[in-house]
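Notes for the structure review
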Amino acid sequence: MRTIAQYLPDHPFFAGLDEPTLALLAGCATNVSLAAGDFLFREGDPAARFFVVRRGRVAIELHDPAVGTVVIDSADAGDVVGWSWLVPPYRSIFDARAAEATGVVAFDGLCLRGKCEDDAHLGYELMQRVTQVMSERLMAAQVRLLDLYGARGTTDAATR
């Protein structure tokens, strides 16, 4: 297995970042192994980290009291999970759970926010990348929620 410092330059999320910046980021990261069912984060918890999936699969879930837990998206090897570490109030808005044995690179959000405050260019670069992840996740959630509730909404409208 490659080290984090060796892995980051080849990952699309970090594309275009120079070597010193990648070294800064690697300094805030650790490799983590998760068993199936382990949570990366839970809705409402402090958002302390974000993750790059190296192997396995992560289910991004939302709990609906009426229907239970709903998987609204999934992340596979190479995907990035978690963006709330960069957005106040720094609270997770979804659950993320390992769907199978999974390995991730976990980035410490407090460490990264400190580096972003010290280096506005780094903050801008990370904000651009995280915003892209946010957009992709929100679009995926929208599609899933339309799949789940769209037919119900059509039926409700037809009965009025």
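Values in this document were obtained by computation on a predicted structure and should not be read as measured data. (Residues numbered from 1 in each chain as written. Predicted model: local features only at pLDDT ≥ 70, side-chain atom pairs only at ≥ 80, totals over all residues. Heavy atoms only, no water.)

**Describing the sheet that holds strand β7 (residues 95-98)**
Taken in spatial order, the four strands of this open sheet run β2-β7-β4-β5, and their pairing is antiparallel. Of all the strands in the sheet, the pair left with one neighbour each is β2 (39-41) and β5 (68-76). Each strand axis lies, on average, 30° off the axis of its neighbour in the sheet, ignoring direction. For β2 and β7, the ladder comprises two bridges, and the chain directions are antiparallel. Paired with F41 across the bridge in β7 is A96. (Pairing = 2+ DSSP bridges. Helix = DSSP H or I, 4+ residues; strand = E, 2+ residues; numbered from the N terminus. Axes fitted to C-alpha atoms, helices over the stretch in contact; angles between N-to-C directions.)

**Points about the state of the cysteines**
Across all of its chains, the model carries one disulfide by this definition. This cysteine, C116, is not joined by any disulfide, and C28 carries the nearest cysteine sulfur, 8.8 Å off. Accessibility expressed as a relative area gives 13% for C116, which makes it buried. (Disulfide = S-S within 2.5 Å. Buried < 20%, exposed > 50% of the residue type's maximum accessible area, 1.4 Å probe, protein only.)

**Things to note about the sheet that holds strand β8 (residues 102-108)**
The sheet built from four strands is open, its strands ordered β1-β8-β3-β6 with antiparallel pairing. Bordering the open sheet on either side are β1 (29-34) and β6 (80-81), each of which pairs with just one other strand. As paired strands, strand β3 (residues 49-55) and β8 are joined by six bridges and run antiparallel to one another. What sits directly across from F50, in β8, is F107.

**Description of the confidence of the model for the protein chain**
On average, residues of the protein chain score 89 in pLDDT, and 93% of them are at 70 or above. Per-element averaging of pLDDT across the protein chain places helix α4 (residues 120-158) at the bottom with 77 and β2 at the top with 98. (pLDDT = per-residue confidence, 0-100.)

**Section: helix α3 (residues 109-118)**
For α3, the set of buried residues is G109, L112, R113 and C116. Mapping the buried residues of α3 onto a view down its axis gives an arc of 100°, with all of them on the same face. Seen from the open side of α3, the exposed residues pointing more than 90 degrees away from its buried face are L110 and D118. Where α3 begins, the capping side chain belongs to D108, and its oxygen is found 2.9 Å from the backbone nitrogen of L110. (Arc of directions from axis to C-beta. Polar contact = N/O pair within 3.5 Å; in protein donor to acceptor, adjacent residues only side chain to side chain.)

**Quick notes on the pattern of salt bridges**
Side chains that differ in sign of charge can pair as their charged atoms come close. Here the structure, examined in full by the defined rule, presents five salt bridges. A salt bridge links R97 to E61; the shortest N-O distance between them is 3.0 Å. A residue pair is termed long-range when its members are at least 10 positions apart, and R97 in strand β7 and E61 in strand β4 (residues 57-64) qualify at 36 residues. (Salt bridge = Lys/Arg side-chain N within 4 Å of Asp/Glu carboxyl O.)

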